[in-house]
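Structural description and commentary
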Amino acid sequence: MKVTKGLKNAVSSHPSILTLGTFDGIHQGHRTIISKLTSESKKHDLKSIILTFFPHPRNIVSSQKIKSISTIDEKIQIFSELDLDELIIQNFNKSFSEMGAEEFIKLLVNNLNLKKIIVGYNHRFGKNRSADIHVLRDFSIKYDFEVVEIKAFEVEKIKISSTKIRNAINDGNIDVCNNYLGYNFNINGIVVKGKSIGKSIGFPTANIYIAEEYKIIPKNGVYLVRCFFEKNKFYGMMNIGYNPTFGSNKKTIEVNIFDFNRDLYDKNIRIEFLKFIRDEIKFDNAEELQNQLIEDRENCIKHINSTYNN
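Residues numbered from 1 in each chain as written. Predicted model: local features only at pLDDT ≥ 70, side-chain atom pairs only at ≥ 80, totals over all residues. Heavy atoms only, no water.

**Overview of helix H7 (residues 162-170)**
Because each turn of an α-helix spans 3.6 residues, side chains separated by three or four positions in sequence point in the same direction. Buried residues of H7: Ser 162, Ile 165, Arg 166, Ala 168 and Ile 169, and no others. Down the axis, H7 shows its buried residues gathered within 160 degrees of arc, on one side only. In the core, the buried residues of H7 are packed alongside helix H1 (28-44) and helix H8 (174-181). Looking one or two places after H7, you find Gly 172, whose phi comes out positive at around 75 degrees. (Buried < 20%, exposed > 50% of the residue type's maximum accessible area, 1.4 Å probe, protein only. Helix = DSSP H or I, 4+ residues; strand = E, 2+ residues; numbered from the N terminus. Arc of directions from axis to C-beta. Contact = heavy atoms within 4.5 Å.)

Have a look at this one:
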């Protein structure tokens, strides 16, 4: 898959088929569209192209900022596994947001040799998102390309959306989140030095630093997780929060990896969220916390044995 930065830098002599959007999380609804894109590409000998936007358009055009399910690097990695010919990453800034709908379509047609475009049932585009599927069909007649509309994708009769997935992450509802995504929600970060509080009570943790401040983080609490680094896989439990038992005022992301004693400082680690265990609790002393962590670990191991080791 070729990755191109900026629509104006993308040029295709071969006729193409395109779908476009923010694709935050690249969830099951998105994959329905992408599957249609790749199948149509092969059937009609068209170059398959995805145009995505970064940063999230809402953070440019709205005062209500949102966090992203996937970072731009995570999106590139997922797209690279989906049999695409080209990914175009368009910097979404104020100037681009003010581009008129017809000017935008002409750019697609001229630069990408566009012959077919696939969009979701509620797709809108152009300045102030003023153009809808009906306007797009009018342009398709004028500029000689075909429009394919994908109807709402449903899981258990509930329409999937990135907004619903963000809400599930914010609520710690990992089961719903992963069901909608079609894969386990994950974070990528670097292991940094912490205060070694966990080590002092028999639960050493790796402290995770995430550089991308726009990445969404699940609500505070304890989670069963699966960790990947250097082609190794381990289970563990993660705490997100402020360590209230010890009076900390700094939010941390810490993971206790089961049956593990290697040095991870400065290493990159990917962590998948498997299950929410409990909310963060302030205990009266370290011994109470330690006892709770023992119980948490037992609960995690029971879930691992019943779900992943069968």
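**Some words on the nonpolar core**
As a rule of thumb, nonpolar side chains are buried together in soluble globular proteins. With 30 residues, the main nonpolar core has Phe 185, Ile 208, Met 238, Val 255, Ile 269, Ile 271 and Phe 273 as its most contacted residues. With sequence-adjacent residues up to four places away left out, Val 255 is seen in contact with Pro 204, Thr 205, Ala 206, Ile 208, Val 225, Cys 227, Met 237, Met 238 and Ile 271. In terms of nonpolar packing, the next biggest core, distinct from the first, is built from 29 residues, Leu 18, Ile 105, Leu 108 and Phe 125 among them. (Core = buried A, V, L, I, M, F, W, Y, C linked by side-chain atoms within 4.5 Å.)

**Details of the sheet that holds strand S10 (residues 206-209)**
Taken in spatial order, the 6 strands of this closed barrel run S9-S10-S13-S12-S11-S14, and their pairing is antiparallel. Each strand axis lies, on average, 45 degrees off the axis of its neighbour in the sheet, ignoring direction. The sheet contacts of H8 involve strand S11 (221-229) and strand S14 (268-278), and relative to S14 the element is tilted by about 125 degrees. Across the sheet, helix H10 (residues 286-307) touches S11, strand S12 (232-241) and S14, and the angle it forms with S14 is around 100 degrees. (Pairing = 2+ DSSP bridges. Axes fitted to C-alpha atoms, helices over the stretch in contact; angles between N-to-C directions.)

**Topic: unusual backbone geometry**
In most cases, non-glycine residues show a negative phi, while peptide bonds are predominantly trans. Across the junction of Phe 54 and Pro 55, the peptide omega takes the value 0 degrees, indicating a cis bond. Despite not being glycine, Asp 45 has its phi angle at roughly 55 degrees, a positive value. Along the chain, Asp 45 turns up in the loop between H1 and strand S3 (47-54). We classify Asp 45 as exposed; its relative accessible area is 53%.

**As for the state of the cysteines**
Counted by the stated rule, this structure contains 0 disulfides. Lacking any disulfide linkage, Cys 227 is separated from the closest cysteine sulfur, that of Cys 300, by 11 Å. Judged by its relative accessible area of 0%, Cys 227 is buried. You can call Cys 300 buried: its relative accessible area is 0%. (Disulfide = S-S within 2.5 Å.)

**Regarding helix H3 (residues 72-80)**
Listing the buried residues of H3 in full gives Ile 72, Glu 74, Lys 75, Ile 78 and Phe 79. Viewed end-on, H3 has its buried residues packed into an arc of 155 degrees, placing them on one side of the element. Residues of H3 that are buried make contact with H1, S3, strand S4 (86-91) and strand S9 (186-192).

**Some words on a nonpolar patch on the surface**
There is a patch of nonpolar side chains on the surface, built from Ile 190, Val 192 and Tyr 209 and spanning about 240 Å² of accessible area. Along the polypeptide, Ile 190 turns up in strand S9. (Patch = residues over 30% accessible without salt bridge, like charges linked within 9 Å, V, L, I, M, F, W, Y side chains within 5 Å. Areas by Shrake-Rupley, 256 points an atom, 1.4 Å probe, with all protein chains shown as cover. Salt bridge = Lys/Arg side-chain N within 4 Å of Asp/Glu carboxyl O.)

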